[in-house]
Amino acid sequence: MLELNSIFTNGMVLQHGEKTTVCGVASDDNTVQILFNEKVYEAHVSNGKWRCEIECLNYGGPFTLKVSVGEQKIVLEDVLVGEVWIAGGQSNMEMLIRDTQHNNEELFADIGELRYFHVPKTTYLGEKYEKSAWQHCSNNIVKEFSAVAFFFARLLHKSLNVPIGIINCNWGGTSASSWLSEDALLKTDLESYKNDLHKANSVSFEEYEIIVKEWQ
């Protein structure tokens, strides 16, 4: 068994000037080997999981990233190194280009160095979801991009002339508290949010589905 975290796919963008943590799952007591930009890295598998930091110092690409355990191998192609930004928030960030007054003009955008990853919406930690993948900014799919994220990314690409990666993670109508980590939330005086958090963590996924249906 060898798998990568779902955000690592063909066409991805890694952050320039930083060490990127590549992670995934594999069978215990194995050593995972990673080959990227002519350098080899290794990580030991513990409790079915592994993680490894790789250097992404210079803008450019496309590169190939190879991950292997024995005879098992995963090869990711068309990997770029550039600027990576998270487009997080609520409905203003969620609004798509096709829903704006600029939708006709922007449908013809085709920027090969601008890549986009849409994080699937989940409401519960145990919920199953469809895997996403990095997409090239092309006139076929750009209308489904977050409008704010796309205009920001396009401006950044024009200014810096380097690969740009946008991780789209938003959900209209969500509470600001849902964008805080558990530790950060527990440091606030918002008792109602703390109570909701503890209540949500105390039920199974099946019980959660029943609660949602009753609320609806």
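Here, the structure is the one placed above.
Reference entry: report on the structure contained in this document. (Residues numbered from 1 in each chain as written. Predicted model: local features only at pLDDT ≥ 70, side-chain atom pairs only at ≥ 80, totals over all residues. Heavy atoms only, no water.)

1. Some points on the overall build of the protein chain
Phase 1: Counting its secondary structure elements, the protein chain contains six helices and eleven strands.
Phase 2: Projecting the C-alpha coordinates of the protein chain onto the three principal axes gives extents of approximately 55 × 55 × 30 Å.
Phase 3: The buried share among the 216 residues of the protein chain stands at 36%.
Phase 4: Counting only contacts in the protein chain whose residues sit at least 6 apart along the sequence, the fraction spanning at least 24 positions is 65%.
Phase 5: Working note: accessible area of the protein chain is about 13300 Å², and carbon and sulfur atoms make up 50% of it.
Phase 6: For the protein chain, the distance from the average site of its 18 positive side-chain charges to the average site of its 30 negative ones is 2 Å. (Helix = DSSP H or I, 4+ residues; strand = E, 2+ residues; numbered from the N terminus. Buried < 20%, exposed > 50% of the residue type's maximum accessible area, 1.4 Å probe, protein only. Contact = heavy atoms within 4.5 Å. Areas by Shrake-Rupley, 256 points an atom, 1.4 Å probe, with all protein chains shown as cover. Lys, Arg positive; Asp, Glu negative; His and termini not counted. Charge placed at Lys NZ, Arg CZ, Asp CG, Glu CD.)

2. Some points on the packing of aromatic side chains
Phase 1: Under the defined criterion, the tally for this structure stands at five aromatic pairs.
Phase 2: Measuring from centroid to centroid gives 3.8 Å for Tyr116 and Phe145, while their planes differ by 10 degrees, and the two rings are stacked. On the criterion of sequence distance, the pair formed by Tyr116 in strand 9 (residues 111–118) and Phe145 in the loop between strand 10 (135–137) and helix 3 (147–160) is long-range, its members being 29 residues apart. (Phe/Tyr/Trp six-rings, centres within 6.5 Å; stacked < 30°, edge-to-face > 60°.)

3. Structural notes on the nonpolar core
Phase 1: Core analysis: the biggest nonpolar cluster contains 30 residues, and Ile34, Phe36, Trp50, Ile54 and Leu65 have the highest contact counts within it.
Phase 2: Taken together, the elements giving at least two residues each to this core come down to strand 1 (2–4), strand 2 (13–15), strand 3 (18–26), strand 4 (31–36), strand 5 (39–44), strand 6 (49–56), strand 7 (60–69) and strand 8 (72–89).
Phase 3: Look past the residues within four positions of Leu65 in its chain and what remains in contact with it is Met12, Val22, Ile34, Leu35, Phe36, Ile54, Ile74, Val75, Leu76 and Val79.
Phase 4: Val142, Phe145, Phe150 and Leu156 belong to the second-largest nonpolar core, a separate cluster that totals 18 residues. (Core = buried A, V, L, I, M, F, W, Y, C linked by side-chain atoms within 4.5 Å.)

4. Quick notes on the side chain of Thr100
Phase 1: Along the polypeptide, Thr100 turns up in the loop between helix 1 (91–94) and helix 2 (103–106).
Phase 2: According to the relative accessible area criterion, Thr100 is buried, its value standing at 12%.
Phase 3: A polar side-chain atom of Thr100 sits 2.9 Å from the main-chain carbonyl oxygen of Ile97.
Phase 4: Each residue touching Thr100, except ones within four places of it in the same chain, is listed here: Met95 and Ala147. (Polar contact = N/O pair within 3.5 Å; in protein donor to acceptor, adjacent residues only side chain to side chain.)

5. Quick look at the sheet that holds strand 1
Phase 1: Spatial ordering of the open sheet is given by 1-3-6, a layout of three strands whose pairing is antiparallel. Edge strands, defined here as strands with exactly one partner in the open sheet, are strand 1 and strand 6. Between one strand axis and the next, the sheet turns through 30 degrees on average, direction left out of account.
Phase 2: Judged from the three bridges that link them, strand 1 and strand 3 form a sheet pairing that is antiparallel. Among the inter-strand pairings, Leu4 is bridged to a residue of strand 3, identified as Gly24. (Pairing = 2+ DSSP bridges. Axes fitted to C-alpha atoms, helices over the stretch in contact; angles between N-to-C directions.)

6. Focus on the environment of Leu186
Phase 1: Within the secondary structure layout, Leu186 lies in helix 4 (residues 182–186).
Phase 2: Taking C-alpha positions, Leu186 is 44 Å from Asp110, a pair spaced 76 residues apart along the chain.
Phase 3: Ignoring anything within four residues of it in the chain, the contact list for Leu186 reads Lys194, Leu197 and His198.

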